[in-house]
Amino acid sequence: MSTSAAPILITGAGQRVGLHCAQRLLEDGHRVIFTYRTERPGVQTLRDLGAIGLFADFSSEAGILAFISELKNHTDSLRAIVHNASEWLAETPGSEAEAFTRMINLHMLAPYLINLHCADLLQRSTPADIIHISDDVTRKGSSKHIGYCASKAGLDSLTLSFAARFAPAIKVNGIAPALLLFNPDDDAAYRIKALAKSALGIEPGSEVIYQSLRYLLDNPYVTGTTLTVNGGRHVK
Ligand SMILES: NC(=O)C1=CN([C@@H]2O[C@H](COP(=O)(O)OP(=O)(O)OC[C@H]3O[C@@H](n4cnc5c(N)ncnc54)[C@H](OP(=O)(O)O)[C@@H]3O)[C@@H](O)[C@H]2O)C=CC1
Ligand SMILES: Nc1nc2c(c(=O)[nH]1)N=C([C@H](O)[C@@H](O)CO)CN2
């Protein structure tokens, strides 16, 4: 029995992967609550499609707890939580600790506190899912994004722990992409180098994450798993 009336929460859905997945979930008939930090055209697009947009800045404990409180003013149940919000920060001389703390809060503390404080909302839905969007780079580390990679590795650990903690009522899984979408300021040399790192050599776009989300939401026998969506980087 599915209580599909419960909305899906997706964080950081104002642009790119989160926006695409939120739009696809709405097309599939789900109600959607999404978070944004910056007012972008995508935020209004989702509002126009009937989604509820909530401001959230997950860079601090206070911001995370303020969001949780506001979320509970908008729903008493959730079908799923998709932790997508993220910052890809490299080490910047003089602000290493600030960036590291921001990413630990965003990629680890926010999923940790939201999962703990919102488990009761998920338990009112059958089935119920938590999905952490991680990064394939945790397989081997990153010399240029040390803090980012560490924070995503911590997220992978949360997937295992919460899967054990919340079974069987709530499935908890991850998705670990490699290159999905270039950023506008990525130059040609970077793009060529990045594409050459995978066996399939493509910039796949956001749909491959939606396909992975759909698989996890629909499969009743998968928990504690992180799906690798990396174009075969590990076999190159
Ligand atoms: N793009 C890629 O090639 C890859 C992406 N991934 C992962 O996939 C997911 C989606 O990637 P992508 O779409 O590129 O992500 P983005 O870099 O576009 O970030 C998604 C959103 O996160 C939000 N965000 C950033 N910092 C905060 C914060 N402190 N509090 C709240 N929200 C915040 C931003 O909100 P706003 O715009 O409203 O400020 C942004 O729109 C991410 O988890 C990413 O790490 C992994 C590997 C490759
Ligand atoms: N929050 C984000 N995380 C990541 C991004 C991004 O744009 N935003 N981009 C990447 C790169 O595409 C990387 O996978 C290329 O090797 C990683 N994480």
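Sequence order sets the numbering: in each chain, residues are counted from 1 along the sequence as written. Chain labels run from A onward and ligand labels from 1 onward, assigned in the order the entries are written. This being a predicted model, a pLDDT of at least 70 is required before a residue's local features are given, and a value of 80 or more before pairs of side-chain atoms are given or counted; all residues contribute to the totals for chains, interfaces and linings. To get the side-chain values, all heavy atoms of the structure are used, and hydrogens and water are removed first.

The chain goes by Dihydromonapterin reductase in an unreviewed UniProt entry, where it is assigned to Pseudomonas rustica. UniProt positions are given in the numbering used here, feature names are shortened, and annotations may be inferred rather than shown by experiment. We quote the UniProt Function (unreviewed entry) comment for the chain here in full: "Catalyzes the reduction of dihydromonapterin to tetrahydromonapterin. Also has lower activity with dihydrofolate." The Sequence similarities (unreviewed entry) field of the UniProt record for the chain holds the comment "Belongs to the short-chain dehydrogenases/reductases (SDR) family. FolM subfamily."

## Description of the nonpolar core
Put simply, a nonpolar core is a bunch of buried Ala, Val, Leu, Ile, Met, Phe, Trp, Tyr and Cys residues held in one set by side-chain atoms that sit within 4.5 Å of each other. We call a residue buried when its accessible area falls under 20% of the maximum for its residue type, exposed when it is over 50%, and partly exposed in between, using a 1.4 Å probe and counting protein chains only. Formed by 30 residues in total, the largest nonpolar core has its most connected members in I10, V32, F34, L46, I175 and I209. Ignoring any residue separated from it by four or fewer positions in sequence, one finds V32 in contact with P7, I8, I10, A22, L25, L26, A51 and I52. One finds A110, L122, I130 and V172 within the second-largest nonpolar core, a separate group that totals 29 residues. The contact criterion used throughout is that any non-hydrogen atoms of two residues lie within 4.5 Å.

## Overview of the site of ligand 1
Proximity is defined per residue: any heavy atom of the residue falling within 4 Å of a molecule or strand makes that residue near it. In the region of ligand 1, 27 residues are neighbours, and R37, T38, R40, F58 and L180 sit closest. At a separation of 2.9 Å, an oxygen atom of ligand 1 approaches a polar backbone atom of N84. Throughout this description, a polar contact denotes any pair of N or O atoms lying within 3.5 Å of each other; where both atoms belong to protein, one of them has to be capable of donating a hydrogen while the other can accept it, and for residues adjacent in sequence the pair is counted only when both atoms sit in side chains. At 3.0 Å, a side-chain N or O of S86 approaches an oxygen atom of ligand 1. Expressed as a share of its isolated accessible area of 890 Å², the protein-covered part of ligand 1 is 92%. Those elements giving two or more residues to the shell around ligand 1 turn out to be α1 (16-27) and α5 (146-166). Grouping the amino acids of the shell around ligand 1 by side-chain chemistry returns 13 nonpolar, seven polar and seven charged. Calculation of accessible area relied on Shrake-Rupley with a 1.4 Å probe; when residues are assessed, cover is drawn exclusively from the protein chains displayed. The helix count covers DSSP runs of H or I at least four residues long, the strand count covers runs of E at least two residues long, and both are numbered beginning at the N terminus. Classification used: nonpolar for Ala, Val, Leu, Ile, Met, Phe, Trp, Tyr, Cys and Pro, charged for Asp, Glu, Lys and Arg, polar for all others including Gly.

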